[in-house]
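# Fold and geometry: a report
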Amino acid sequence: MKILTADYILVCDEDFSIIKDGAICFDEKIIEIGKEDEVIKNNPYAVVKHLSKNSVIMPGLINTHVHLEFSTNKTDLIYGDFTKWLESVIKNRDILKNKCNEYFYETAIEQMLQSGVTAFGAISSFGGDLEACVDSPQKVIYFNEILGSNPDVKNDIIKDFNNRIEKSIQFSSDLFTPAISVHSAYSTHPEIAKYAIDMSKKNQMLMSTHFMESMAEREWLDSGKGDFYALLKNFNPNPKPMYSAMEYLEMFEEVKTLFVHGVLATKKELEMIGQIGTLAHCFVSNRILNNPLLDLNLVKSKNVIYSIGTDGLSSNNSLNIWDELRAGLFAHFEKDVISLAKDLIIAVTRNGAISLGMKNNLCLKKNQSADIVTVLLPDEVSDKEQLALELILHTKKIKSGYINGERYI
Ligand SMILES: [Zn+2]
């Protein structure tokens, strides 16, 4: 049983409570949190560690959307246009994936760990990242992805998917949770998507899917025209959209689904997303592929819970979650910066836990998992209202981190 004390504790509850001169007592779960003197008095047998001045204790951070299998990419892919980028991914996919060995997986995971990511949602297209995800100290929601627009090869696609699902299920544990991802409406035939959705329902596995990431996707689903027509013609002489956007969303109605991007979702579609599940927001990826900025005011008005994803290094230059938070802070001019900073901290903690179905990681309170990180600010914060903003501005690495009460940094 340990106690950590710090100048501030960010509880990351609904009210964004901050405890000044706080302490947290924990083993694998949180035993007590409150004012320093009281927590120490109530837990006389705990080992007490007083963190340095200007330290902050907060929940472990959660990256809800990352593709580790593309971790070797630096400059191989085409940015600035979603369709061209997608073409370049298809062209380079095998080279990138074959280059991605243990070293790249470990480096990617280490970068997340150092930045305080104690849980992440990994989209796995081929299963190459399975071992690295199982061996990582973090909590991993492992989304086995399925895609394919040609129903003639449906059986082969499903066979490969089933193999990957079965393999991942063998490693199920407190830290590793197999889940399912249907790639997108433009890449996955309804019969294939339906198979995966039924499996998700039957096994109560969390679901994820990319949705309305680009104007090309919007145009394609709405009219069967635009940049995707030429791209998809490479795979099918007479391509047609397989769904309307609404038809696609309706398929997910009965499974808890983490939708990814949604930057071009309509008000009605966002409303539906809010009813079915949550949304992952990937600022940097959206920016470098020239996709629009998500309208956070609209997202809020439709009661959509949003979390933060770095996406993979196929559309980002960093898996450091603080880099991602800074990008979001600097991008969303439509929001007041003080309240945006608080919203972003909630998005990367509480909302991440809700999105990944981690009900024991909602905030720092009694009986929740002791997934805790500590951060050292460069100087005293003049007003605690500014704490979230200062954290995002100044943090590059955490000072220490605990997962289920075990120290990993
Ligand atoms: Zn993605």
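Reading guide: rules and limits
- Counting restarts for each chain, with residues numbered from 1 along the sequence as it is written.
- Note on the predicted model: pLDDT of at least 70 is required for a residue's local features to be given, and 80 or more for side-chain atom pairs to be given and counted; whole-chain, interface and lining totals, by contrast, use all residues.
- Think of the side-chain values as coming from all heavy atoms in the structure, minus any hydrogens and water.
- Numbering of helices and strands runs from the N terminus; a helix is a DSSP stretch of H or I covering at least four residues, while a strand is a stretch of E covering at least two.
- Burial status follows relative accessibility: with a 1.4 Å probe on protein chains alone, a residue under 20% of its type maximum counts as buried, one over 50% as exposed, and anything between as partly exposed.
- A contact between two residues is defined here by any heavy atoms of the two lying within 4.5 Å.
- Each salt bridge in this description consists of a side-chain nitrogen of Lys or Arg and a carboxyl oxygen of Asp or Glu lying within 4 Å of one another.
- Joining through side-chain atoms within 4.5 Å is the link that ties buried Ala, Val, Leu, Ile, Met, Phe, Trp, Tyr and Cys residues into a set, and such a set is a nonpolar core.
- Note that domain bounds follow an automatic or database assignment of domains.
- For Na, K and Ca the donor cutoff is 3.2 Å, while for all other metals N, O and S atoms count as donors only within 2.8 Å; water does not appear among the atoms, so some sites may look incomplete.
- Donor angles set the geometry label: tetrahedral for four donors if every angle is between 85 and 135 degrees, square planar for four and octahedral for six if opposite donors exceed 155 degrees and the others are between 65 and 115, irregular for anything else.
- When DSSP finds two or more bridges between a pair of strands, those strands are recorded as paired.
- The directions from the helix axis to the C-beta atoms are what the arc is built from.
- Helix axes are fitted only over the stretch in contact, all axes being lines through C-alpha atoms; the angle between N-to-C directions runs from 0 to 180 degrees.
- Here a crossing is taken to be left-handed if its near helix is turned anticlockwise relative to the far helix by less than a right angle, and right-handed if that turn runs clockwise.
- Polar here means any residue outside two lists: the nonpolar Ala, Val, Leu, Ile, Met, Phe, Trp, Tyr, Cys and Pro, and the charged Asp, Glu, Lys and Arg; Gly therefore counts as polar.
- When two parts are put together, the accessible area they lose, computed with a 1.4 Å probe and summed over both, is reported as buried area.

## Notes on the environment of I18
- Structurally, the position occupied by I18 is in strand β2 (residues 18-26).
- Note on I18: relative accessible area 15%, which makes it buried.
- Dropping the residues within four chain positions of it, I18 is found in contact with Y8, I9, L10, K384 and L387.

## Quick notes on the pattern of salt bridges
- This structure, assessed with the given rule, holds 16 salt bridges.
- We note a salt bridge from K20 to D21, for which the minimum N-O separation is 3.5 Å.
- For K20, a relative accessible area of 34% translates into the label partly exposed.
- Residue classification places D21 among the partly exposed residues on the basis of a relative accessible area of 36%.
- Residues K201 and E254 are paired through a salt bridge, measuring 3.7 Å at the closest nitrogen-oxygen approach.

## Quick notes on the nonpolar core
- L10, L68, F120 and W322 are the most contacted members of the largest nonpolar core, which totals 103 residues.
- The element best represented in this core is helix α14 (residues 337-347), accounting for six residues.
- Domain assignment of the residues forming this core places at least three in each of domain 1 (2-60 + 364-407) and domain 2 (61-355).
- Those residues in contact with L68 that sit more than four places away from it in its chain are C100, Y105, A108, I109, M112, F120, I123, D129, C133 and L319.
- In this structure, L4, F26, C363 and A370 belong to the second largest nonpolar core, which totals 15 residues.

## Considering the coordination of the zinc ion
- Those protein atoms acting as donors to the zinc ion are H65 (NE2), H67 (NE2), H210 (NE2) and D311 (OD), and they sit at 2.1 to 2.8 Å.
- Seen from the zinc ion, its four donor atoms lie at angles of 83 to 171°, and the figure they make is irregular.
- In terms of primary sequence, the donors binding the zinc ion are separated according to H-x1-H-x142-H-x100-D. Residue H65 is located in strand β6 (residues 61-66), and its partner H210 is located in strand β10 (residues 207-211); the two are separated by 145 residues in the primary sequence.

## Regarding helix α16 (residues 387-394)
- Along α16, the residues classified as buried are L387, A388, L389, L391 and I392.
- Along its buried surface, α16 packs onto β1 (2-10), β2, β5 (55-59), α13 (321-331), α14 and β14 (372-376).

## Remarks on the pairing of strand β3 (residues 30-35)
- Summarising the sheet, β2 and β3 pair through five bridges and their orientation is antiparallel. Bridge pairing in β3 places I24 opposite I33.
- Linking β2 back to β3 in an antiparallel pair, the connection comprises three residues.

## Observations concerning unusual backbone geometry
- Even without glycine at this site, H261 takes up a positive phi of about 85°.
- Looking at the element boundaries, H261 is found in strand β11 (residues 257-261).
- Within the chain, N367 stands out as a residue other than glycine whose phi angle is a positive 75°.
- Tracing the backbone shows N367 in the loop between α15 (350-355) and β14.

## A word on helix α10 (residues 267-276)
- The set of residues buried in α10 consists of E269, L270, M272, I273 and I276. Looking down the long axis of α10, one finds its buried residues gathered within 160° of arc, a one-sided arrangement. Counted as exposed and oriented over 90 degrees from the buried face of α10: K267, K268 and Q275.

## Here we look at the environment of E166
- Within the element layout of this structure, E166 appears in helix α5 (residues 154-170).
- A residue is classified by how much of its surface remains accessible, and E166, at 51% relative accessible area, is exposed.
- Sequence separation between E166 and P178 is twelve residues; the distance between their C-alpha atoms is 9.3 Å.

## Looking at the sheet that holds strand β7 (residues 117-124)
- Read across the open sheet, the eight strands follow the order β6-β7-β8-β9-β10-β11-β12-β13; overall the sheet is parallel. Every interior strand has two partners, whereas the edge strands, β6 and β13 (306-308), have only one. Strand-to-strand twist across the sheet, computed as the mean angle between neighbouring axes with direction ignored, equals 25°.
- Sheet topology places strand β8 (residues 139-146) next to strand β9 (residues 176-182); seven bridges connect them, and they run parallel. Residue pairing for β9: E145 is matched across the bridge by S181.
- Contacting β6 and β7, helix α3 (residues 102-114) runs over the sheet at an angle of about 145° to β7.

## Looking at the packing of α13 against α14
- Look at α13 against α14: their axes get within 10 Å of each other, and the N-to-C directions meet at 145°. In this structure, α13 meets α14 at a crossing whose hand is right-handed. Facing α13, whose interface residues are W322, L325, G328 and L329, α14 presents V337, L340, A341, L344 and I345.
- Per-class residue counts for the contact of α13 with α14 are eight nonpolar, one polar and no charged.

## Some words on the domain arrangement of the chain
- Each assigned domain of the chain is listed with its residue range as follows: domain 1 (2-60 + 364-407) and domain 2 (61-355).
- Taken together, the contact pairs 27 residues of domain 1 with 27 residues of domain 2.
- Between domain 1 and domain 2 lies a buried interface of about 2200 Å² when both sides are counted; carbon and sulfur atoms form 68% of it.
- Counting the surface domain 1 buries against domain 2, the share from its top three residues, G60, I392 and I403, is 28%.

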